[in-house]
Amino acid sequence: MNHIKFVVAGALALLGVLVIGGYFADPAPKATDEKSASAGGTLRIGVDGTEPAYYKVDGVTKGFDYEMALGVAEGLGAKPEFVVMDFSDLFTALEAGEIDMIGAQVTETAERKQDFDFTAPYFVTYLSFLTPEDSPIKTRDDINGKNIAVVEGTIHERYLDEQYENVNVIKAKDEDSAVKAIETGEADAFFYDAPYTAPIIGRAPITLKEAIVYPADDAPIGFVMQKGDERKKTIDGVLEEMILDGKWLKIKKEYFKEYPLSEVFKDKGA
């Protein structure tokens, strides 16, 4: 999944922490202060059914994005309806009016904002390096001078170029190929999105560990809506309330307990 998998290289560089902070620089109207033109009724949320965003355990629906979307629907006074589809179909469905909002760990980029509106961020992208169990790579400083595998077509290559020195990028066609590069000694580590590494580690033919995990504060994740949807202002207010009153942190700890808290949300009192 993530979803930054389909971002055009370089778009991330246009974002910054100030962009995220700007959402809350002027307090958004609270759900109780302003009625959306579409308040009430049904809020159709498009999801792609991938853990930890939206999934089921013994028939019980769970997920970080799922619980955040429930809070949004409650703040709108709307009935939530979750529509599961492939990630690649979500934006088309939103454009066609088949869903009202996407809640699938979508990273905001300048390119995507040309066609869609993003709510205030409710998470940031977390990045990680997978390494062999006995790897000397333990900190981000250890990445310099190493061979790092990435999935071809993702923004991870650009991110390595921007944040590290003397990194030799090994392009792989998919996650398993990246792991194979580590197995054969071609790569020292695999750079990927932290929330989605567990199944990769689980099926890998070699023992891997998530040696490094860190938040990318300049990669905000928000709900995606059609351009001009009047509900966005109210949703921004609902999200701000969820962060300030502790609901967001409770949900974050349930699904991302091991991840360090991003400075973005520390600034909001989380």
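See the structure above.
The model shown is predicted, which means the values in this text are computed figures rather than measured ones.

The rules behind these values
- Residues numbered from 1 in each chain as written.
- Predicted model: local features only at pLDDT ≥ 70, side-chain atom pairs only at ≥ 80, totals over all residues.
- Heavy atoms only, no water.
- Buried < 20%, exposed > 50% of the residue type's maximum accessible area, 1.4 Å probe, protein only.
- Helix = DSSP H or I, 4+ residues; strand = E, 2+ residues; numbered from the N terminus.
- Arc of directions from axis to C-beta.
- Contact = heavy atoms within 4.5 Å.
- Pairing = 2+ DSSP bridges.
- Axes fitted to C-alpha atoms, helices over the stretch in contact; angles between N-to-C directions.
- Core = buried A, V, L, I, M, F, W, Y, C linked by side-chain atoms within 4.5 Å.

Observations concerning helix 5 (residues 156-163)
For helix 5, the complete set of buried residues consists of His156, Tyr159 and Leu160. Along the long axis of helix 5, the arc covered by the buried residues comes to 100°, so they all point the same way. Buried residues along helix 5 sit against strand 7 (123-132), strand 8 (147-151), strand 9 (168-172), strand 10 (189-193) and strand 11 (208-221).

With respect to helix 3 (residues 87-95)
For helix 3, every residue scored as buried is listed here: Phe87, Leu90, Phe91, Ala93 and Leu94. One side of helix 3 carries all its buried residues, which in axial view fall inside an arc of 160°. Seen from the open side of helix 3, the exposed residues pointing more than 90 degrees away from its buried face are Ser88, Thr92 and Glu95. On its buried side, helix 3 packs onto strand 1 (42-47), strand 5 (101-102), helix 4 (110-113), strand 6 (116-118) and strand 12 (224-226). A positive backbone phi angle near 80° is found at glycine 97, which sits one or two residues after helix 3.

A closer look at the sheet that holds strand 7
Spatial strand order, 9-8-10-7-11: five strands in an open sheet with mixed pairing. Across the chains shown, the open sheet's two edge strands, defined by having one partner strand only, are strand 9 and strand 11. The mean angle between the axes of side-by-side strands here comes to 30°, regardless of whether they run parallel or antiparallel. Strands in contact with helix 5 are strand 7, strand 8, strand 9, strand 10 and strand 11; relative to strand 10, the strand with the most contacts, it is inclined by about 110°.

Focus on the nonpolar core
Ranked by internal contacts, the top residues of the largest apolar core, which has 36 residues, are Phe64, Met68 and Met101. Broken down by element, the residue count for this core peaks at seven residues, all from helix 2 (residues 64-76). If sequence neighbours within four positions are ignored, phenylalanine 64 has contacts with Pro52, Ala53, Gln105, Tyr122, Phe123, Trp248, Ile251, Lys252, Tyr255 and Phe256. Grouped together as the second largest cluster of nonpolar side chains are 17 residues, Phe129, Ile137, Tyr159 and Leu160 included.

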